[in-house]
Amino acid sequence: MQDNERTGAFDHLFTETVRDGLNEEGYGSWRSIKAPGAVSLSFGFPFPESFPEDQLVAAAEAVFEQEGERALQYGGGEYVDRLTETVVERERERGIDCDEENVLLTNGSTHAIDVVCHTFLERGDEVFVEAPTFMGALKLFANYGVDVTGFEADADGLDVDALAAELDARRADGRPLPKLLYTIPTFQNPGGTTMSRPRRERLLELAEEYDFVVLEDDAYDDLRYRGDPVAPLAALDDSGRVVRVNTFSKTIAPGVRTGWVLADAEPLAEITRMRAGGTNTFTQSVLGRYCAEGRFEADVEELRAAYERRCDHMLDLLDEHMPPGAEWTEPNGGFFVWVELPEGIDAEALLPTAADEGVTYLPGEQFFPDDGGENCLRLSFSHVSLDEMERGIRALARATESTLADH
Ligand SMILES: Cc1ncc(COP(=O)(O)O)c(C=O)c1O
């Protein structure tokens, strides 16, 4: 094999979308920074003690004992069905009218988004998103060669008035309309905010009026630690336009690579057709058994309390240490705080100083489809210990203060 030196020898064989990406700065990598020894507040990893290791070992043993080769065969056995039933039960508890025919298990929600894109999008189509939004989804949209347009979000989520105005203007001018709108309505990544119910209802009216699909990504919905739940878009929808994706990455473990698509039977049939290669039915069997034991709900309850402690600790530390002029969101769930730095400070330019001081984060720009977020950054409180978090926030405050002093 060749070493890592890029020669470009195969560029002419790549797809047009891959070739376009080769010329883009930062293509294929998250732009954080390698800083051994610094506290990483960059990524939305669950904390290691959150994984139900003993329960999964016991569940795997039970699967081998009870289902043996069926669990290892294509398609899996009974416990795959148990997992689908658990998903359906939990989605019904959220108010979504669904049954097993509406659920397709996938290898995580990134895979779920991918198969939805594969079903609906082709080069040149347009996708609307909240800006900022999950950079993993932006990367996927780039893989499909679609145009992405961002709409601002505030504490109540996506600005549906701005969305309505744009759709209206496009119709009046005869310009193309989007095919799909991607949203993370609850504890948004990276904003930490939640879309209000009236805005959800308005969004669904717009989807119906302007004929686009709403892709609802609810990865953090289970991790609400305060405030009243808001009905998912899929629960409010009676048009069948909402395709919902979700995952066990944040409530069980990312390594189990198990998520799902929930949709009306008609789109789901085509999404299923586009999901080539099957999924990890052995892992699904283990999760099916784990859920059947009835521990899952109690384990998630413990997670909520643990993430609430982490979130509160980070908010207290920001209050205590950040200089005036910095602002941040106060989430009711999920993994992230979105920080706006004092005016004039560029989060990407600040990163090397922050790393020298002992912290890394993800600069805001990479969560936007175009420009935006230059003075913002995302902090994750999900992974580090409380002590590390303190070191990290103190380091961020020192870096911000020293940069302010140089201005
Ligand atoms: C909003 C959102 N969707 C999807 C994912 C990815 O989930 P999965 O591990 O199931 O692919 C993440 C993880 O960071 C996320 O924040």
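Residues numbered from 1 in each chain as written. Predicted model: local features only at pLDDT ≥ 70, side-chain atom pairs only at ≥ 80, totals over all residues. Heavy atoms only, no water.

## What about the overall build of the protein?
Then, in step 1: Counting its secondary structure elements, the protein contains 14 helices and 14 strands.
Then, in step 2: For a compact globule of 407 residues, the expected C-alpha radius of gyration is about 22 Å, and the protein comes in at 22 Å, within 12% of that figure.
Then, in step 3: With respect to the three principal axes, the spread of C-alpha positions in the protein is 65 × 55 × 55 Å.
Then, in step 4: Relative to its 407 residues, the protein shows a buried fraction of 54%.
Then, in step 5: For the protein, the proportion of contacts with a sequence separation of at least 24, taken over those separated by at least 6, is 74%.
Then, in step 6: Averaging the positions of the 36 positive and the 81 negative side-chain charges in the protein gives two centres separated by 2 Å. (Helix = DSSP H or I, 4+ residues; strand = E, 2+ residues; numbered from the N terminus. Rg over C-alpha atoms; globule rule 2.2 N^0.38 Å. Buried < 20%, exposed > 50% of the residue type's maximum accessible area, 1.4 Å probe, protein only. Contact = heavy atoms within 4.5 Å. Lys, Arg positive; Asp, Glu negative; His and termini not counted. Charge placed at Lys NZ, Arg CZ, Asp CG, Glu CD.)

## What about empty space enclosed by the protein?
Summary: where empty space remains is shown by rolling a probe the size of a single water molecule over the atoms.
Then, in step 1: Using the criterion set out here, one finds 2 cavities of 30 Å³ or more in the structure.
Then, in step 2: There is about 50 Å³ of room inside the largest cavity.
Then, in step 3: Around the largest cavity, the lining residues are Glu 130, Ala 153, Gly 157, Leu 158, Ile 184, Pro 185, Gln 188, Thr 193 and Met 195.
Then, in step 4: When its residues are assigned to classes, the lining of the largest cavity shows 5 nonpolar, 3 polar and 1 charged.
Then, in step 5: By volume, the second largest cavity is sized at about 30 Å³. (1 Å grid on protein atoms, 1.4 Å probe; cavity = no way out; pocket = protein on both sides within 12 Å on 5 of 7 lines; lining within 4 Å. Points joined across faces, edges and corners; volume = space filled by probe spheres on them. Nonpolar A, V, L, I, M, F, W, Y, C, P; charged D, E, K, R; others polar.)

## Brief notes about a negative patch on the surface
Then, in step 1: Together, Asp 81, Glu 89, Glu 93, Glu 100 and Glu 101 make up a negatively charged patch on the protein surface.
Then, in step 2: Note that Glu 101 resides in the loop between α4 (78-93) and β2 (103-106). (Patch = residues over 30% accessible without salt bridge, like charges linked within 9 Å, V, L, I, M, F, W, Y side chains within 5 Å. Areas by Shrake-Rupley, 256 points an atom, 1.4 Å probe, with all protein chains shown as cover. Salt bridge = Lys/Arg side-chain N within 4 Å of Asp/Glu carboxyl O.)

## Some remarks on the domain arrangement of the protein
Then, in step 1: In terms of domains, the protein is made up of domain 1 (16-45 + 298-406) and domain 2 (53-295).
Then, in step 2: Taking only C-alpha atoms into account, the centre of domain 1 sits 25 Å from that of domain 2.
Then, in step 3: The partner domain 2 presents 35 residues to the 37 residues of domain 1 that form the contact.
Then, in step 4: The junction of domain 1 with domain 2 conceals about 3000 Å² of combined surface from both sides, 56% of it contributed by carbon and sulfur atoms.
Then, in step 5: Taken together, the links from domain 1 to domain 2 amount to 6 salt bridges. (Domains from an automatic or database assignment. Buried area = accessible area lost by both parts, 1.4 Å probe.)

## Re the site of the ligand
Then, in step 1: As a matter of local geometry, the ligand sits amid 13 residues, with Ser 109, Thr 110, Asp 217, Tyr 220 and Thr 247 nearest to it.
Then, in step 2: One of the side-chain nitrogen or oxygen atoms of Asn 189 is found 2.7 Å away from an oxygen atom of the ligand.
Then, in step 3: Within the side chain of Asp 217, an N or O atom sits 2.6 Å from a nitrogen atom of the ligand.
Then, in step 4: Here the ligand loses 91% of its free accessible area of 400 Å² to cover by the protein chains.
Then, in step 5: Split by residue class, the shell around the ligand holds 4 nonpolar, 6 polar and 3 charged. (Near = heavy atom within 4 Å. Polar contact = N/O pair within 3.5 Å; in protein donor to acceptor, adjacent residues only side chain to side chain.)

## Examining the packing of helix α13 (residues 347-357) against helix α14 (residues 386-406)
Then, in step 1: Viewed as axis vectors pointing N to C, α13 and α14 meet at an angle of 130°, and their least axial separation amounts to 8 Å. The angle between the axes of α13 and α14 places the two elements in the oblique class. Remark: the crossing between α13 and α14 carries right-handed chirality. Along its contact with α13, which presents Leu 350, Thr 353, Ala 354 and Glu 357, the element α14 presents Ala 395, Leu 396, Arg 398, Ala 399, Thr 400, Ser 402 and Thr 403.
Then, in step 2: For the contact of α13 with α14, the residue count by class is 5 nonpolar, 4 polar and 2 charged. (Axes fitted to C-alpha atoms, helices over the stretch in contact; angles between N-to-C directions. Parallel < 35°, antiparallel > 145°, perpendicular 65-115°, else oblique. Left-handed = near helix turned anticlockwise from the far one by under 90°.)

## Some details on the environment of Asp 97
Then, in step 1: With respect to the secondary-structure elements, Asp 97 resides in the loop between α4 and β2.
Then, in step 2: Residues Asp 97 and Ala 235 lie 138 residues apart in sequence; the distance between their C-alpha atoms is 6.8 Å.

## Examining a nonpolar patch on the surface
Then, in step 1: Together, Phe 10, Leu 13 and Phe 14 make up a nonpolar patch on the protein surface, roughly 330 Å² of accessible area in all.
Then, in step 2: Residue classification places Leu 13 among the exposed positions, given a relative accessible area of 61%.

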